Amino acid sequence: MSRLLEMKGLTKRFGPVLACDNVDLKLDAGEIVGLLGENGAGKSTLVKMLFGIYEPDAGEIYFDGQLADIEGPGDAIAQGIGMVHQHFQLVPPLTVAENIMLGAEVVPEGGPGSVVGVMNMAAAEERVLELSKRFGLKVDPSAVVEDLPVGVQQRVEILKALNRGARLLILDEPTAVLTPKETDELLKVMRSLADTGVGIIFITHKLREVLAVTDRVTVLRNGKYIGSAETAESTQQSLAEMMVGRSVVLRVEKGTAHPGSSVLEVRDLRVRDDRGSAAVQGMSFDVREGEILGIAGVEGNGQRELVEAITGIRHSESGAILFGGIDMTNATPREVSEWGVAHIPENREKDGLVDNYSVADNMVLNTYFKEPFASRGIRVVDAIRKWASKLIEKFDVRPRTITSPVKSLSGGNKQKVIVARELSAENKLIVASQPTRGVDVGSIEFIHNQLVHQRDKGRAVLLVSAELDEILSLSDRVAVVYEGRVVAELDGATATREEIGLLMAGGSASEAAVS
Amino acid sequence: MSTIKPIPLVLAGLSLLAAILLYAWDGQQTEAVVSRAVVEAGPLLLGALCGLLCERSGVINIGIEGTMLMSAFAGFFIASYSGVIWIGMLGGLAMSAVVGLFLAWTSVTLKQDQIIAGTIINIFALGFTSFYYVQGRTMPGVPRVAIPVLKDLPFVGPMLFDHGILTYSAMFIVVAVHLMLYRTRWGLRTRAIGEHPSAADTVGVNVITLRYRNVILGGLLAGVAGLHLLQSASSFQRGMTNGKGFIALAVMLFGRYRPFGAMGAALLFGLLGGIQAQLQFKQALDIPPQFFGMIPYLLTIIVLAAAGLAARPPAAAGTPYEGA
Ligand SMILES: Nc1ncnc2c1ncn2[C@@H]1O[C@H](COP(=O)(O)OP(=O)(O)OP(=O)(O)O)[C@@H](O)[C@H]1O
Ligand SMILES: [Mg+2]
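Just so it is clear, the model here is predicted, and its values are computed rather than measured. (Residues numbered from 1 in each chain as written. Chains lettered and ligands numbered in written order. Predicted model: local features only at pLDDT ≥ 70, side-chain atom pairs only at ≥ 80, totals over all residues. Heavy atoms only, no water.)

Novice: Could you give an account of the overall build of chain B, with specific residues and numbers?
Specialist: Along its length, chain B carries 13 helices and two strands. Computed over C-alpha atoms, the radius of gyration of chain B comes to 20 Å, within 12% of the 20 Å expected from 2.2 N^0.38 for 324 residues, which places it in the range of a compact globule. Looking at chain B residue by residue over its 324 residues, the buried ones come to 49%. Long-range contacts, defined as pairs at least 24 residues apart, comprise 77% of the intrachain contacts of chain B with a sequence gap of at least 6. Carbon and sulfur atoms make up 70% of the accessible area of chain B, which totals about 15,000 Å². Side chains of chain B carry 19 positive and 12 negative charges; the gap between the two charge centres is 8 Å. (Helix = DSSP H or I, 4+ residues; strand = E, 2+ residues; numbered from the N terminus. Rg over C-alpha atoms; globule rule 2.2 N^0.38 Å. Buried < 20%, exposed > 50% of the residue type's maximum accessible area, 1.4 Å probe, protein only. Contact = heavy atoms within 4.5 Å. Areas by Shrake-Rupley, 256 points an atom, 1.4 Å probe, with all protein chains shown as cover. Lys, Arg positive; Asp, Glu negative; His and termini not counted. Charge placed at Lys NZ, Arg CZ, Asp CG, Glu CD.)

Novice: Can you explain the sheet that holds strand β19 (residues 429–433) of chain A? Please cite residues and give values.
Specialist: All names here are of chain A. Read across the open sheet, the six strands follow the order β16-β19-β20-β13-β21-β22; overall the sheet is mixed. Among the strands making up the open sheet, the edge pair consists of β16 (341–344) and β22 (485–491). Strand after strand, the sheet turns through a mean of 15 degrees between neighbouring axes, direction not considered. Strands β13 (292–296), β21 (477–482) and β22 of the sheet are contacted by helix α18 (residues 497–504), whose axis makes an angle of about 30 degrees with β21. (Pairing = 2+ DSSP bridges. Axes fitted to C-alpha atoms, helices over the stretch in contact; angles between N-to-C directions.)

Novice: Lay out the site of ligand 1 with the relevant residues and their values.
Specialist: Residues and elements named next belong to chain A. Of all residues adjacent to ligand 1, which total 20 residues, the nearest are Gly40, Lys43, Ser44, Thr45 and Ser408. Relative to its unbound accessible area of 630 Å², ligand 1 is 80% covered by the protein chains. Put simply, the parts of the chain that give the shell around ligand 1 at least two residues each are β2 (17–28), α1 (43–50) and α15 (411–424). At three residues, α1 tops the list of elements feeding residues into the shell around ligand 1. Residues that form the shell around ligand 1 fall into these classes: six nonpolar, 11 polar and three charged. (Near = heavy atom within 4 Å. Nonpolar A, V, L, I, M, F, W, Y, C, P; charged D, E, K, R; others polar.)

Novice: Can you tell me about the domain arrangement of chain A, naming the residues and giving the values?
Specialist: Residue and element names in this part refer to chain A. What the domain assignment lists for chain A is domain 1 (3–244) and domain 2 (262–351 + 428–514). On a C-alpha basis, the centroid separation for the pair domain 1 and domain 2 is 33 Å. With 17 residues of domain 1 at the interface, the matching set in domain 2 holds 14 residues. Summed over both partners, the interface of domain 1 with domain 2 comes to about 1,100 Å²; 52% of that surface belongs to carbon and sulfur atoms. If you look at where domain 1 meets domain 2, you find two salt bridges. For glutamate 467, the salt bridge is made with lysine 206, and the minimal N-O distance between the two is 3.4 Å. Taken together, the links from domain 1 to domain 2 amount to five residue pairs in polar contact (both at pLDDT 80 or more). (Domains from an automatic or database assignment. Buried area = accessible area lost by both parts, 1.4 Å probe. Salt bridge = Lys/Arg side-chain N within 4 Å of Asp/Glu carboxyl O. Polar contact = N/O pair within 3.5 Å; in protein donor to acceptor, adjacent residues only side chain to side chain.)

Novice: Provide a residue-level description of the coordination of the magnesium ion (ligand 2), including the pertinent values.
Specialist: All names here are of chain A. Around the magnesium ion (ligand 2), the protein contributes the donor atoms Ser44 (OG) and Gln86 (OE1), at 2.0 to 2.3 Å from the metal centre. Linking serine 44 in helix α1 with glutamine 86 in the loop between β6 (81–84) and α3 (96–101), this pair joins segments that are 42 residues apart in sequence. Take serine 44: its relative accessible area is 19%, and that puts it in the buried class. Exposure remark for glutamine 86: the relative accessible area of 31% places this residue in the partly exposed category. (Donors = N, O, S within 2.8 Å, 3.2 Å for Na, K, Ca; no water.)

Novice: Report on the sheet that holds strand β15 (residues 326–327) of chain A, specifying residues and quantitative values.
Specialist: As a general point, the strands of a sheet are linked pairwise by backbone hydrogen bonds and lie either parallel or antiparallel. All names here are of chain A. Reading across from one edge, β12-β11-β14-β15 is the order of the four strands in this open sheet, with antiparallel pairing throughout. Only two strands of the sheet have a single neighbouring strand rather than two, namely β12 (278–288) and β15. As judged from the six bridges shared by strand β11 (residues 262–272) and strand β14 (residues 316–323), these two strands associate in the antiparallel manner. In the sheet register, valine 266 faces β14, and the bridge partner there is isoleucine 321. The strands that helix α10 (residues 303–310) touches are β11, β12 and β14; relative to β11, the one it contacts most, it runs at about 120 degrees.

The structure is reproduced here in structure tokens:
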């Protein structure tokens, strides 16, 4: 196969942070290269330079053997480079066809319409259907994007790139928000695209996916090129060690649980979602001291609303939520937090952090009004700084600065800030929702150990995750939810991937037992 | 996008029925009211379309009031000194484009708070036009065109076919904006940069340039609105916009950021104005005219409270674009 891309010595600095330092990357046509590295290693920065979003401080990009001059995304697209971004770049109220055609609208030549650029949407939808058939990516061109599940939105993103004739496709953490089934489908599509000669750069934190689909991997650490390896000669363990630079324990070490009395009791809870339809439809379960209850389920089966109701963010229609026997249904978030509930929210930017505040201020979001961080209503900045410095050290937040705004951190480090804050306070119950989404292997190991550690200290942990491996390796008990109900409660030690997977998809418990 | 919705249809039907009944009851007065309603709706609709174009591209424009005032001011004095109304109107448009450019520069390039930029425009316009106002001047009138035959039709004749040219232009512009927004490449890109600018940027659409263009274009529409006020009043007066630029914002919201929605809302406000004028003229009821004068503003507050909750503004409105 011919050499498609060669990046030589790419360097990019953001103020004090050297995000990419002299990085090389090679890619052949029809090849899938996995780009790995810890959070903040510079993966997104590297591919954004390739796509023309950032201008490199130094380095050269050869595309198709020619020195490429990429001034902006428009240039990149014109040369045949497509990108699916870590954060979706779709306009929610527009249709699938409108999103795919944006920037490459179908405007028939000639006639008065062409002067003002009248589009032919029928032809556009036709074209989308044709693309969708050709690449086996099923979409409805006239559907409105915001009504679609994330998996389908992801397909739209890929079609958008393919529509522009991408010969090089960059996928930046495309699987972070997908269900296991959607992920499998995506990996298949990637393979068949590569078979048609498209070169793919695949960024992910999930080593299972890397081993399943890539031909080769390139690893970055702290902005530096660490090395490349053939996938066939790699294992999860070897890749993890290359990324982190030390040996990583991929399996969670945990002893048996010694559960005590109930900390959280949820009784026949009913909660509505934003659109007013029933999301939680009569859930009941307990979480006891010293145990981790894992809530497994495909996203969108009421988990989000459940967590929001427990933490006081969302109104419960009926039923009861009891903390240590006290009825706290529809208590305010402050009351819930004061009682001793720590919350690691699913949407960290929205519910967990104030993006423009410094790391230090974010570390005291739930305690800023209390001693020693405030005295008679006045903030004690020294105490806040000291506390924050201690936490970023202990929880390995990078870069080690407490004054920079939290929005300048990479996704995984933002998550560490939340985990640090929530797990350092005195708590009785920890509600952790998708705690390791988009987080690198080293940090996953760390966060998992922290959760087990909390359990061993006698705290109750409610873990909500769409990641089956996470549920299986952490939970003492597993509650599987489907369409707003708990459809089964299983013993964490004996539950299998297949069994939970079937229940999550709406299969009955007896079917699951047979399989 | 343009599926037929039952509620507006029923409302339109009911209004038509009411109009027929009223017409049968007192033809002359009904004709006067609806004709006046269309004229009153003109500047509100144009102002709302200005707000709509800006906000759909992600820039909140609360400086409509000031832009209208500046345009009316420039239009009046240039027409007055040159003696040619067309030159005056061009002058008014040029002035409103400059105001649009100012808003674009502060909010898109300097990334300043858009509400403050709009407020500055309003305060500046009021002060500037009051200070340089010269009393006692006149200007040539804005041409009025009665379309032969059609104007003699009962009811619809005076309503639609006997107006100043700027009222016709409002009718034309609303159709044009609707078609442009939903059918053209420009429209698709405009809707995209107001909702999710980085999505447009990453497919090669220049967000900054397009926002500039649309905010200036919006300024021009507010300019036409200001000239429309001149058309009705035949001369400039201090503070002659009288809050219409703000009512236009309510019209935009009430119309849910859609051109034809804005048209419906503008006609509703216009009808109130028409009824008020007619009652005042006839002294038909023993109600102080100030009471009717108050109604549009009261309605504005109610609309802002009620429609503000229901209408979903473009997601990126008010946020400067920082890059992907
Ligand atoms: N626009 C920016 N301004 C300032 N700093 C930035 C910017 N973008 C990235 N950084 C910094 O550059 C470094 C590399 O970030 P990058 O987003 O490339 O990491 P990543 O490898 O994609 O991480 P993740 O796996 O969390 O997505 C980080 O330290 C980040 O804080
Ligand atoms: Mg990244």
